[in-house]
Amino acid sequence: ATMGETVLYATACCGNSPQGDGSFVPLSVHYQERYSAAGRTSGSYLKREGRPRDADVLVARLVDRPLRPLLEKGWCNETQVLEWVLSYDGVNQPEPLAITAAAAALLISDIPLAKAVAGVRVGYLPSAGFVINPSAAQMVQSRLDLLMAGTAEAVLMIEGFCDWLTEEEMLEAVAAGQAAISAMCGQLTAWAAQVGKPKRTERVLPPQGLKEALTELATAGLEQVYRAGGRKEESTAAVAAVREEAFAALRGEQYAGRWPNLDDLTLTLAWKSVESGVMRQLVLREGVRADGRRVTDIRPITSRAGVLPRTHGSALFTRGETQALCVATLGGDTDAQRVDSIRDVADSSTDEDSSSSSSSSKGAAAAALERFYLQYHFPPSSVGECGRI
């Protein structure tokens, strides 16, 4: 995929047989910006390209997010999207191109992507209004950085920030981005019709009629549990009791011989769909969520500072039964983290305004040092489970 002189390599491949029970799509997206794309080498001791940087992982998640829900239901063949930025011109930023290129690769492959997906970045310049896929230089002046992905009919993902735009302006930005996405999706669909492969048909789905029977057996019990609310342990045990009762009924005389090869894995797959469906309908119909709260209620929130005696700063945040222990550490200039990137020097070298070249260089140098970084840990013990650390 090419935009200006930014060139991105994108491929999509899948395994030959289904994996797992069909409850999870084994999709992995690997995105990496090659230093050679901007004529650079790594500043670390090891010059060989290593694992993706944190920024690359975040872009991979942006690509994954709109694509995963559009893979056909029941598709569980291992699926891998590989993306490498091979050339970067310092003008056209690769994130929206990565979303569109990954979707295009899936669309023309035999992997069952339901419809075309495209991504755009929307900026806002006081002198020009909303700009689709603004250049790196324009983004320095932009009051909006909005990354969008969607289909011809709907928006699938929005991520970004703005500098005090009104709600009306934000809605106008989304509309401008969706119009561009819709036009791109139309072109992708026409292209796939010409060169695309026939889609694979293997799926892992519950037997026909099983979900409907399970819904009939479990809906009343699940709604009663959800309306009652209570602590998580209590509601989990109550839902488990409803599930076991429904499973026993399906194996009883009333449904004998209807699904002769019914196993626990198939039942669990159908149950997940039924449980989420009942939960959603209860919210839409009665405004009641799974823990008994109304849609306007929030969990009790408390916070306490200074809980650890020898740290620079600490706080314990509690919302309902969820807690976060946060620790802050202050450091000097030598503690800043150097971050290699293809954008640090390349973006400033393409600045058309020679009078701002010195300030651009200073900004590029500053961008190479990360003075704030967040480390996040989610131990499996926080949800009462064992897992890898």
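Reference entry: report on the structure contained in this document.

What counts, and where the lines are drawn
The residue count restarts for each chain, going from 1 along the sequence in the order it is written. For this predicted model, a pLDDT threshold of at least 70 governs which residues receive local features, and a threshold of 80 or more governs which side-chain atom pairs are given and counted, while totals over whole chains, interfaces and linings are taken from all residues. Side-chain measures were taken over the full set of non-hydrogen atoms in the model, leaving aside hydrogen atoms and water. Numbering of helices and strands starts at the N terminus; helices are DSSP runs of H or I of at least 4 residues and strands are runs of E of at least 2. Each residue is assigned to one of three classes by its accessible area relative to the maximum for its type, calculated with a 1.4 Å probe on protein chains only: buried under 20%, partly exposed between the two thresholds, exposed over 50%. With residues, only the protein chains shown are counted as cover, and all accessible areas are computed by Shrake-Rupley using a 1.4 Å probe. The positive count covers Lys and Arg only, the negative count covers Asp and Glu only, and His and the chain ends enter neither. Where a charge sits is defined by one atom per residue type, namely NZ (Lys), CZ (Arg), CG (Asp) or CD (Glu). Contacts are assigned to residue pairs with any non-hydrogen atoms lying within 4.5 Å of each other. Between any two strands, pairing holds if DSSP finds at least two bridges. Simply put, an axis is a line fit to the C-alpha atoms, just over the touching stretch for a helix, and the angle between two N-to-C directions goes from 0 to 180 degrees. One less than the number of residues in a helix, times 1.5 Å, gives the span that helix is expected to have. Fitting axes to the seven residues ending at a residue and to the seven starting there, one defines the bend at that residue as the angle between these axes. By convention in these notes, a salt bridge is any Lys or Arg side-chain nitrogen within 4 Å of a carboxyl oxygen on Asp or Glu. Aromatic rings from Phe, Tyr and Trp, taking only the six-membered ring of Trp, are treated as a pair when their centres fall within 6.5 Å; an angle between ring planes under 30 degrees marks them as stacked, one over 60 as edge-to-face, and anything in between as tilted. Lining residues are those with an atom within 4 Å of a point, where the points come from a 1 Å grid over the protein atoms alone and group into cavities, where a 1.4 Å probe fits but cannot get out, or pockets, open sets with protein on both sides within 12 Å along at least five of seven lines. Grid points are joined across faces, edges and corners, and a volume is the space filled by probe spheres set on the points. Oblique is the label for every angle not falling under 35 degrees (roughly parallel), over 145 degrees (roughly antiparallel), or within 65 to 115 degrees (roughly perpendicular). By the definition used in this description, the sense in which the near helix is turned from the far one sets the handedness, with an anticlockwise turn below a right angle giving left-handed and a clockwise turn giving right-handed. Patch membership requires more than 30% relative accessible area and the absence of a salt bridge. Residues of like charge join within 9 Å; the nonpolar side chains Val, Leu, Ile, Met, Phe, Trp and Tyr join within 5 Å. Classes in brief: Ala, Val, Leu, Ile, Met, Phe, Trp, Tyr, Cys and Pro nonpolar; Asp, Glu, Lys and Arg charged; the others, Gly included, polar.

1. Remarks on the overall build of the chain
Part 1 of the argument: Broken down by element type, the chain carries nine helices and 13 strands.
Part 2 of the argument: In terms of its C-alpha atoms, the chain occupies a principal-axis envelope of roughly 85 × 65 × 50 Å.
Part 3 of the argument: A buried classification covers 36% of the 389 residues belonging to the chain.
Part 4 of the argument: Surface exposure of the chain reaches about 23,300 Å², of which carbon and sulfur atoms provide 54%.
Part 5 of the argument: In the chain, the 39 positive side-chain charges and the 47 negative ones have mean positions that sit 4 Å from each other.

2. A few points about the side chain of Thr100
Part 1 of the argument: Along the chain, Thr100 turns up in helix α2 (residues 94-108).
Part 2 of the argument: Aside from chain neighbours lying at most four places away, what touches Thr100 is Val117, Ala118, Gly119, Met184 and Leu188.

3. Some points on the sheet that holds strand β9 (residues 301-305)
Part 1 of the argument: Overall, antiparallel pairing links the three strands, which are arranged β9-β10-β11 in an open sheet. Because the sheet does not close on itself, it has two edges, and the strands there are β9 and β11 (322-328). Between one strand axis and the next, the sheet turns through 15° on average, direction left out of account.
Part 2 of the argument: Inspection of the sheet shows strand β10 (residues 313-319) paired to β11 by seven bridges, in the antiparallel sense. In the strand pairing of β11, Arg319 is matched with Thr322.

4. Observations regarding helix α5 (residues 210-228)
Part 1 of the argument: Between the first and last C-alpha of α5 there are 27 Å, a value that for 19 residues agrees with the 27 Å anticipated at 1.5 Å per step.
Part 2 of the argument: Its axis deflected by about 50° at Ala218, α5 carries its strongest bend there.
Part 3 of the argument: Backbone geometry just downstream of α5 places Gly229 in the positive-phi region, at approximately 70°.

5. A closer look at the pattern of salt bridges
Part 1 of the argument: Tallying each qualifying case throughout the model produces 18 salt bridges.
Part 2 of the argument: Linking Asp64 and Arg68 is a salt bridge whose minimum nitrogen-to-oxygen distance equals 2.8 Å.
Part 3 of the argument: For the salt bridge of Asp264 with Arg251, the shortest nitrogen-to-oxygen distance reads 2.4 Å. Placement of Asp264 in helix α7 (residues 264-286) and of Arg251 in the loop between α6 (232-250) and α7 is noted, with a sequence separation of 13 residues between them.
Part 4 of the argument: Ionic contacts of the salt-bridge type, sharing partners, join the residues Glu223, Arg227, Arg285 and Glu286 into one network.

6. Section: the packing of aromatic side chains
Part 1 of the argument: For the structure shown, the criterion picks out four aromatic pairs.
Part 2 of the argument: Between Phe247 and Trp271 the ring centres are 6.0 Å apart and the planes differ by 85°, which places this aromatic pair in the edge-to-face class. Taken as a pair, Phe247 in helix α6 and Trp271 in helix α7 lie far apart in primary sequence, 24 residues in all.
Part 3 of the argument: In this structure Phe247 comes out as buried when scored by relative accessible area, which is 6%.
Part 4 of the argument: A relative accessible area of 3% places Trp271 in the buried class.
Part 5 of the argument: Taking 5.9 Å as the distance between ring centres and 20° as the angle between the ring planes, the aromatic pair formed by Tyr255 and Trp259 counts as stacked.

7. Regarding empty space enclosed by the protein
Part 1 of the argument: Under the criterion given, the structure shown has one cavity of 30 Å³ or more.
Part 2 of the argument: Of the voids in this model, the largest cavity is the one considered here, and its volume is about 50 Å³.

8. Points about the packing of α5 against α7
Part 1 of the argument: Here α5 crosses α7 at 50°, and the two axes come no closer than 8 Å. Comparing their axes, α7 and α5 come out oblique. As for the relative orientation of α5 and α7, their crossing is right-handed in sense. Along the contact surface, α5 presents Leu210, Lys211, Leu214, Thr215, Ala218, Thr219, Leu222, Glu223, Tyr226 and Arg227, while α7 presents Thr266, Leu267, Ala270, Trp271, Ser273, Val274, Glu275, Val278, Met279, Leu282, Arg285 and Glu286.

9. Details of a nonpolar patch on the surface
Part 1 of the argument: Nonpolar side chains collect at one region of the surface, where Ile298, Ile301 and Phe317 lie side by side and expose about 310 Å² of accessible area between them.
Part 2 of the argument: When you line up the elements, Phe317 lands in strand β10.
Part 3 of the argument: Taking the relative accessible area as the measure of exposure, Phe317 reaches 35% and is therefore partly exposed.

10. Some thoughts on the sheet that holds strand β4 (residues 77-87)
Part 1 of the argument: If you walk across this open sheet you meet the four strands as β1-β2-β4-β3, and the pairing is mixed. Every other strand in the sheet has two partners, leaving β1 (2-3) and β3 (27-33) as the edge strands with one partner each.
Part 2 of the argument: In this structure, strand β2 (residues 6-18) lies alongside β4, joined through nine bridges in antiparallel fashion. Bridging from a neighbouring strand, Ala12 pairs with Val81 of β4.
Part 3 of the argument: Packing of helix α1 (residues 54-67) onto the sheet brings it into contact with β3 and β4, and relative to β3 it is tilted by some 135°.

11. What to know about the packing of α2 against helix α4 (residues 167-195)
Packed helix pairs are specified by the crossing angle of their axes together with the interaxial distance, meaning the distance between the axes.
Part 1 of the argument: Viewed as axis vectors pointing N to C, α2 and α4 meet at an angle of 30°, and their least axial separation amounts to 9 Å. Between α2 and α4, the angle is such that the two are roughly parallel. At the point where α2 passes α4, the crossing takes the right-handed sense. Along its contact with α2, which presents Thr100, Ala104, Leu107 and Ile108, the element α4 presents Met184, Leu188, Thr189, Trp191, Ala192 and Val195.
Part 2 of the argument: Across the contact of α2 with α4, the residue classes tally to eight nonpolar, two polar and no charged.

12. What to know about the environment of Leu125
Part 1 of the argument: Secondary-structure assignment places Leu125 in strand β5 (residues 118-125).
Part 2 of the argument: Measuring from C-alpha to C-alpha, the distance between Leu125 and Pro206 comes to 51 Å, with 81 residues separating the pair along the chain.
Part 3 of the argument: In contact with Leu125, not counting residues within four places along its chain, are Val131, Gln138, Gln141 and Ser142.

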